[in-house]
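# Examining the three-dimensional arrangement
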Amino acid sequence: DSGVTQTPKHLITATGQRVTLRCSPRSGDLSVYWYQQSLDQGLQFLIQYYNGEERAKGNILERFSAQQFPDLHSELNLSSLELGDSALYFCASSPGQGTDTQYFGPGTRLTVL
Amino acid sequence: GENVEQHPSTLSVQEGDSAVIKCTYSDSASNYFPWYKQELGKRPQLIIDIRSNVGEKKDQRIAVTLNKTAKHFSLHITETQPEDSAVYFCAARRSPGTYKYIFGTGTRLKVLA
């Protein structure tokens, strides 16, 4: 157990809908990262927050948005869902924003029907 | 843009043999290189990492080497065991700077008993 929690574990929804994925970092970690992993694919970095502020942006679609709250938990919002958005979404956390080890959560499996 | 190439995409070895996975990165300013192991349906787990001021790092049966001139780093697993079977991902990061992690496409390692 890495100490990073993600909810829900599974999510099934329909095209066009909007969902929110939640991540709680390890105690004391200030950075949160979001990744998308499609079936049999690698990890695509989406976005990083550090202490409430956006730090780095990767291949995140405009339909997706994220935020980190004062208590350091983070939410990833996915809207106007398409079939291709079906994937495993991982959250990871690290103590700082530099070259720190990041710890992954168990992931949320999103299925868009 | 920044990218990390990883080879091979699949690798089968006999139990007890060594396995080597290679990655090449494009951003010469990258200074942190982690390796992750991911079992089917589970979270990526850090197995070893190396920073740019070090050429080699070893942890029991696992070692990583870094050649900054060639922008190349490799994972070496000796005395492989069936439980080493998984997908392995390399990554590169520049910090400070863009901060985002760039992942390789993964290597599926199968250790044959």
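These numbers were taken from a predicted model, which means no experiment stands behind them.

Right, let's talk about the overall build of chain B for a bit. The helix and strand tally for chain B stands at zero helices and 11 strands. Against the 2.2 N^0.38 benchmark of 13 Å for 113 residues, chain B shows a C-alpha radius of gyration of 14 Å, consistent with a compact globule. Considering only C-alpha atoms, chain B reaches an extent of 45 × 30 × 20 Å along its principal axes. Per-residue burial for chain B yields a buried fraction of 46% across its 113 residues. Per element, the accessible surface of chain B, about 5,600 Å² overall, is 47% carbon and sulfur. Between the averaged position of the 15 positive side-chain charges in chain B and that of its 12 negative side-chain charges there is a distance of 7 Å.

Enumeration according to the criterion identifies two disulfides over all chains in this entry. Here Cys23 of chain A connects covalently by a disulfide to Cys91 of chain A, the sulfurs 1.7 Å from one another. In this structure, the disulfide formed by Cys23 of chain A and Cys91 of chain A twists by about -40° around the S-S bond and is classed as left-handed. Separated by 68 residues along the polypeptide, Cys23 of chain A in strand β3 (residues 19–24) and Cys91 of chain A in strand β9 (residues 87–94) bring together distant segments of the chain. Note on accessibility: Cys23 of chain A and Cys91 of chain A belong to one class, buried. Sulfur-sulfur distance for the disulfide between Cys23 of chain B and Cys90 of chain B comes to 1.9 Å. Taking the sign of the torsion about the S-S bond as the criterion, the disulfide between Cys23 of chain B and Cys90 of chain B, at about -100°, is left-handed. With Cys23 of chain B in strand β3 (residues 19–25) and Cys90 of chain B in strand β9 (residues 86–93), the pair connects residues that are 67 residues apart, well separated along the chain.

Parameters and conventions
Residues numbered from 1 in each chain as written. Chains lettered and ligands numbered in written order. Predicted model: local features only at pLDDT ≥ 70, side-chain atom pairs only at ≥ 80, totals over all residues. Heavy atoms only, no water. Helix = DSSP H or I, 4+ residues; strand = E, 2+ residues; numbered from the N terminus. Rg over C-alpha atoms; globule rule 2.2 N^0.38 Å. Buried < 20%, exposed > 50% of the residue type's maximum accessible area, 1.4 Å probe, protein only. Areas by Shrake-Rupley, 256 points an atom, 1.4 Å probe, with all protein chains shown as cover. Lys, Arg positive; Asp, Glu negative; His and termini not counted. Charge placed at Lys NZ, Arg CZ, Asp CG, Glu CD. Disulfide = S-S within 2.5 Å.

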